[in-house]
Amino acid sequence: MGKTIIISNRLPLQINITEKDIEVTPSVGGLATGLKSFHKEGDSIWIGWTGMPEEEIPDDLKGKVLEEAKKQNCLPVDLTSEEIEGFYYGFSNRTIWPLFHYFMEYSEFEPEDWESYKRVNQKYAEAVLENLNDDDEVWVHDYQLLLLPKMIRDKKPNVTIGFFNHIPFPSSEVFRTLPWREEILEGMLGADLIGFHTYDYERHFLRSVKLILRKDSTFNEIHLGNRIVRVDSFPMGIDYQKFSDASLNQQNQPSSENSNFQKKLDYHKNSTSDAKLIISIDRLDYTKGIANRIRAYGYFLEKYPEYKEKVRLVMLAVPSRTNVPQYQLLKKEVDELVGRINGRFATVNWTPIWYFFRSMPFENLIDLYSSSDVALITPTRDGMNLVAKEYIATRTDQTGVLILSEMAGAAHELNEALIINPNNFEQIVDAIKTALEMPKEEQIRRNKMLQKRLKRYTVEKWAKDFMNSLREAKNRISKIKAE
Ligand code: ADP
Ligand code: F6P
């Protein structure tokens, strides 16, 4: 067996150009953080974009970018500003992303963006084909590359190809509104195995294939001439040990060595007696339900004034897709809401919300996860949501309460969390109160079960399961062909 070629839009590393040099930082987002552990351990190369427009990398630094990428077994695909606009901001994030997350009114159907999407998928296909040996396995990731499996299959009919979709697959009634629905489904069906986070996404996909391509499936297999495509669900896990060890290490550090951020969190505890900390962490994305979360927190302070000075919401939002108008509007809305609530409820000793609009180093994330009493995660739609899982893994003393939206893929596995409907303010308000007042024994009882599950189904196990199913699917097809 050869190597595994992982392909995703973005590499796990982000290149930034400083005055005369380059700076390499880890990419933020579930796909990159999750798959990194699998990539590190195995014999794999990862093909993707560095996050910089090609024209902005000075010629004398291009070699260095390549070198830095190679150190992490990565191969960069260069995207021009025009491609980034049409393929990434355009078709990926103004068409597919909103549609697949049920924000139909945000979805734009621009033929030019579609053309760009096709061209850039072809560019990724060429990068794969240049590096592909017949015995390699190809693993394509996510909605930016839905056409890639077929493009590779057309050139290499016998190669083993897996595809995993990290975002929801919407109901066929939503999907069918897409003008290029046939091409998208055919693109995905170039794979031997198509994976989703949940059974529902898998069902929606199979129904779309039946409705739009008129192809039936039997026991999750679609027969296409001399090929069979298997469809299945694989809920992505996290590197549990990494999060739990990091949390333990940081807790055992002498306080003089703590980060400034941790000191600020300690200050929270000291400056407000018995104050509890609620955290929320996400990319600033309209699918994450951030605005409703802030509103719900405001309603909570209104309904339960005894909690003034006794609780604080620390909200961490990473800038994301800042060229897309809806993200710019959301930024404004969040700034205003935070201002409004802080303006209305703050006292000289207390600010109800601490809001950070930036990416943070891993250590700070761990500080936040492990210092908090409650994690408030309220997406209106989310393929999985790894933050919920990371939060549970860092709770080494098993205290802490997770409030989680039923619209996140993770809710299917994390039943012991307080599950809420993100559109139901009353329910969120009550869940916040329940969480803040939950007896320690109950917190521990719930987290014990959650941790047991997350420890068992790690990201490593997820990747292994997917790859084993891919091999099984391929072997079965070879057998059928031989018979
Ligand atoms: P998505 O893939 O939609 O971004 P997930 O919750 O699945 O959502 O994954 C987000 C990932 O990004 C997590 O692994 C989380 O640790 C990381 N992350 C989120 N916010 C930040 C932040 N402010 N700084 C650094 N990493 C972050
Ligand atoms: O899982 C959804 C996803 O779009 C990933 O493909 C991506 O890594 C992450 O969210 C962050 O998005 P972006 O790459 O657009 O910053």
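None of the values given here were measured: they were computed from a predicted structure. (Residues numbered from 1 in each chain as written. Chains lettered and ligands numbered in written order. Predicted model: local features only at pLDDT ≥ 70, side-chain atom pairs only at ≥ 80, totals over all residues.)

A.B. asks: Requested: an account of the overall build of the protein chain, with residues and values cited.
C.D. replies: From N to C terminus, the protein chain includes 17 helices and 17 strands. The C-alpha radius of gyration of the protein chain comes to 23 Å, within 12% of the 23 Å expected for a compact globule of 483 residues. If one aligns the C-alpha atoms of the protein chain with their principal axes, the spans along those axes are about 70 × 55 × 45 Å. Within the span of the protein chain, comprising 483 residues, buried residues form 46% of the whole. Sequence-distant contacts in the protein chain: of pairs separated by 6 or more residues, those separated by 24 or more amount to 78%. (Helix = DSSP H or I, 4+ residues; strand = E, 2+ residues; numbered from the N terminus. Rg over C-alpha atoms; globule rule 2.2 N^0.38 Å. Buried ≥ 20, exposed ≤ 12 C-beta atoms within 10 Å, placed from the backbone. Contact = placed C-beta atoms within 7 Å.)

A.B. asks: Describe the environment of I341, with residues and values.
C.D. replies: Take I341: it is sitting in helix α12 (residues 325-345). Non-local contacts of I341, meaning those with residues more than four positions away in its chain, are made with I294, Y297, G298, P352 and I353.

A.B. asks: Could you give an account of unusual backbone geometry, with specific residues and numbers?
C.D. replies: Within the chain, F219 stands out as a residue other than glycine whose phi angle is a positive 45°. Checked against the element boundaries, F219 lands in the loop between β9 (217-218) and β10 (221-224). Here the phi dihedral of R321 falls at roughly 45°; this positive angle occurs in a residue that is not glycine. Mapped onto the elements of the fold, R321 is located in the loop between β13 (311-318) and α12. A tally of 17 C-beta atoms within 10 Å means that R321 is categorised as partly exposed.

A.B. asks: Break down the sheet that holds strand β17 (residues 418-420) for me, with residues and values.
C.D. replies: Read across the open sheet, the 6 strands follow the order β14-β13-β12-β15-β16-β17; overall the sheet is parallel. Only two strands of the sheet have a single neighbouring strand rather than two, namely β14 (353-357) and β17. Strand-to-strand, the axes of this sheet are offset by a mean angle of 15°, without reference to chain direction. Where β13 and β14 come together, 5 bridges link them in parallel fashion. Residue pairing across strands places L313 opposite I353, the latter belonging to β14. Relative to strand β16 (residues 401-405), helix α14 (residues 386-394) is tilted by about 170°, and along the sheet it contacts β12 (276-283), β15 (374-377) and β16. (Pairing = 2+ DSSP bridges. Axes fitted to C-alpha atoms, helices over the stretch in contact; angles between N-to-C directions.)

A.B. asks: Quick one: what's the story with the site of ligand 2, residue by residue and with numbers?
C.D. replies: If you check the shell around ligand 2, you find R10, G29, G30, L31, A32, D142, H166, I167, S320, R321 and G383 and nothing else. Take the shell around ligand 2: its biggest share by element is 3 residues, from helix α1 (residues 30-41). The class makeup of the residues in the shell around ligand 2 is 3 nonpolar, 5 polar and 3 charged. (Near = placed C-beta within 6 Å. Nonpolar A, V, L, I, M, F, W, Y, C, P; charged D, E, K, R; others polar.)

Coordinates in, geometry out; function isn't part of it.
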